[in-house]
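One letter stands for each residue in the lines below.
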Amino acid sequence: MNTPPSPPSSPLSSPLSSPLSSPLSSPPRTERTDESAVLIGALAPLTRPGWVAAGRHLLAGLELAVADVNGSGGIGGRPLELVVRDTAADPEKAVAAVDELAGLGVAALAGEYHSVVARTAATRADALGLPYLCSSAVLDALTEQPTERVARIAPAQSHGWRIYADFLRGAGHSRIAVAADPSVYWASGTHVLRERLAPHGGTVAALDMRTLTPTTLCDALVDSGATALLLLVGHPDPAVPIVRAVRHDPRLADILIGAPAGQPELAEWATLLGGDGAAIPFLRYLPERLGPLGARVEAALTERLAQAPSFVAFEGYDTITVLADVLRSHGVDRTAVAEAWPQVAVEGTRGEIRFSRPPGIDIRQWAWPPVQVVDRDPSAPERFRVLHTG
C-alpha cells in the first residue's frame, strides 16, 4: 500500500478537511528529551502531498509500540524514544531527514510509507552506515545495491501484486486496463501484472492519466473491451474522481474497479466516496484472524486513532517490536543492529517475523507477511470482505 502522492488540487486534498487528521493521543516528538534514551529515527508522510492518513496510522503504530517497550523496561533500563521527521512524500526531504537523524545519534531508522521516498531514504541510510527497518514501502528494489543494513516488514511488491493478479484471473478477468500515473512504482506494478497474467492469455493495457480526464478515460475503457480497471494513481486525486466517473457511466456498469495499492483501506476512502467506494478489491496485509497480541494492539490503536486501525498501523507497531528485540539482544551499536537481522525471530501482531533474502530481493525481508485481497462490503462499506488469500 504505497500509492505515490498526487499534488493537492482540490479542497479534498487538504489534511485539515480529513477526519483522519485529528490529533493522536500524543504529538510526534521531534527533539531529544532524555539524554539517557535510546533513539530511533522515524520517517512518515505527515503533510501533503504525502498521504497524511497513512502517515498518521504508521506513526500511531510506532508510538504505541514505543510506549509498550518502555512500559516493560525499555532497552536495558533505558527508555526508547522516537525522533520523528515528516517526509511529506518528498525524496529530498527524506534524504535531509536521514542526514539529520544520523547526526543526532539514532541507533536505527524506521518507518516510511511511500515507496519512492523509502528507496531514497534506504539508499542514503546505507551509505551512512545507518540500519533501516522499512515499515510499509513495498518496491522490490529498495536500495541501489545489495546491502545488509536495510530490512523490511512489508512484503515486496512483486509478491503482493502476483497474488492480486491470481485473484483477477480466478475471478475471470483476462483483459485488464490500468489507469496509470507516471511513477517507477506504478510501472513496476504494471510489469508484475503483465508477467503474471500473460502465460494465461491475459493482457494489461495502460491508460496514461497525463493525457486523459475521468470522462475520456471512460470512453477509452469502452473502446478497450476491458473487464477490469485498476487504479494505479494517487489518492485522493485522481483516484476519487475516476471512481465517481466510472461508477456513474452506464456503459461501464459491469466493469470491476480494483486498487491493488490499497487506497480503499483507510476510512478517508469511504468518507469521500460512500457507496461508490465499495466493491473495489485491494491488497491488505493482515491475517484472517489476529492472535492475542494483534487483538490487544488493535484495541489500543482503535482508542489512539478513534477509528479502526489499518494494516499500516500494525506495520508500524511490528517495526518497533523488532527493533526493540534487536537492541536488547545485540546492543545499540549500528553495525551490531545491522548484523542482527538474520537472527531475528520475533512474535509480531500478524505472526512470527524472520528475515531472509528471497530471490531478486537485495535487502533483508520478512518473507512473508499475510496477504489478502479484500474489498468494502457494498451493504456496509465500513466492513471488509476477504476475497482471496495468498
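Residues numbered from 1 in each chain as written. Predicted model: local features only at pLDDT ≥ 70, side-chain atom pairs only at ≥ 80, totals over all residues. Heavy atoms only, no water.

Draft legend 1. Region of the structure containing the nonpolar core. Grouped together as the largest cluster of nonpolar side chains are 79 residues, with contacts concentrated most on Ile320, Val322, Trp341 and Phe355. Look past the residues within four positions of isoleucine 320 in its chain and what remains in contact with it is Ile40, Leu62, Ala65, Val66, Val69, Leu80 and Leu82. (Core = buried A, V, L, I, M, F, W, Y, C linked by side-chain atoms within 4.5 Å. Buried < 20%, exposed > 50% of the residue type's maximum accessible area, 1.4 Å probe, protein only. Contact = heavy atoms within 4.5 Å.)

Draft legend 2. Structural view of the packing of helix α1 (residues 52-71) against helix α9 (residues 292-305). Interaxial distance between α1 and α9 falls to 10 Å at its minimum, and their mutual angle equals 120°. Taken as axis vectors, α1 and α9 run oblique relative to one another. Note on packing geometry: the crossing formed by α1 with α9 is right-handed. Counted together, Arg56, His57, Ala60, Gly61, Glu63, Leu64 and Asp68 of α1 and Arg296, Val297, Ala300, Leu301, Arg304 and Leu305 of α9 form the full contact between these two elements. Looking at the contact of α1 with α9 residue by residue, the class counts come to six nonpolar, two polar and five charged. (Axes fitted to C-alpha atoms, helices over the stretch in contact; angles between N-to-C directions. Helix = DSSP H or I, 4+ residues; strand = E, 2+ residues; numbered from the N terminus. Parallel < 35°, antiparallel > 145°, perpendicular 65-115°, else oblique. Left-handed = near helix turned anticlockwise from the far one by under 90°. Nonpolar A, V, L, I, M, F, W, Y, C, P; charged D, E, K, R; others polar.)

Draft legend 3. How the structure looks around the pairing of strand β6 (residues 175-180). Along β6, five of the six residues are buried, which leaves the element largely enclosed by surrounding structure. Pairing analysis gives six bridges linking β6 to strand β7 (residues 203-208), with the strands arranged parallel. Looking at β7, one finds that arginine 175 is bridged to threonine 203. In this view, the connection linking β6 to its parallel neighbour β7 by way of helix α5 (residues 184-197) has right-handed handedness. Looking at chain direction, β6 and strand β8 (residues 228-232) are connected through five bridges and run parallel. The partner of alanine 179 across the bridge, within β8, is leucine 231. (Pairing = 2+ DSSP bridges. Right-handed = clockwise from strand over helix to strand, strands pointing away.)

Draft legend 4. The arrangement of the packing of aromatic side chains in detail. As enumerated under the stated definition, the model contains seven aromatic pairs in all. When the centroid spacing of 4.9 Å and the interplanar angle of 50° are considered together, the rings of tyrosine 185 and tryptophan 186 count as tilted. Its relative accessible area of 1% is what places tryptophan 186 among the buried residues. Within the aromatic cluster, the residues linked to one another by ring pairs are Trp161, Tyr185 and Trp186. Its end group placed over the ring of phenylalanine 384, arginine 284 keeps NZ or CZ at 4.3 Å from the ring centre. (Phe/Tyr/Trp six-rings, centres within 6.5 Å; stacked < 30°, edge-to-face > 60°. Lys NZ or Arg CZ within 6 Å of the ring centre and 35° of its normal.)

Draft legend 5. Seen up close, the sheet that holds β8. As summarised here, the arrangement of the four strands in space is β7-β6-β8-β9, forming an open sheet in which the pairing is parallel. Unpaired on one side and paired on the other, β7 and β9 (256-258) mark the two borders of the sheet. Adjacent strand axes in the sheet meet at a mean angle of 25° when their direction is disregarded. The sheet contacts of α5 involve β6, β7 and β8, and relative to β7 the element is tilted by about 160°.

Draft legend 6. Layout of the sheet that holds strand β16 (residues 380-389). Taken in spatial order, the three strands make up an open sheet running β10-β15-β16, and their pairing is antiparallel. The sheet terminates laterally at β10 (282-284) and β16, the two strands that pair on one side only. Within the sheet, the average angular offset between the axes of one strand and its neighbour, ignoring direction, is 45°. Pairing analysis gives three bridges linking β10 to strand β15 (residues 372-377), with the strands arranged antiparallel. From the neighbouring strand, phenylalanine 282 faces β15, where its bridge partner is valine 374.

Draft legend 7. Representation of the environment of aspartate 140. By the secondary structure assignment, aspartate 140 is in the loop between β4 (132-134) and β5 (150-152). When the C-alpha atoms of aspartate 140 and aspartate 362 are compared, they prove to be 8.2 Å apart, with 222 residues separating the residues in sequence. Of the polar contacts made by the side chain of aspartate 140, one reaches the backbone nitrogen of glutamine 157; its length is 3.1 Å. (Polar contact = N/O pair within 3.5 Å; in protein donor to acceptor, adjacent residues only side chain to side chain.)

Draft legend 8. Representation of the pairing of β16 in the model. Bridge analysis of β15 against β16 gives six bridges, and the strand direction is antiparallel. Pairing of aspartate 377 across the sheet is with alanine 380, part of β16. Between β15 and β16, which pair antiparallel and follow one another directly, the connecting turn spans two residues.

In short, the description is geometric, and any link to function would need to be established separately.
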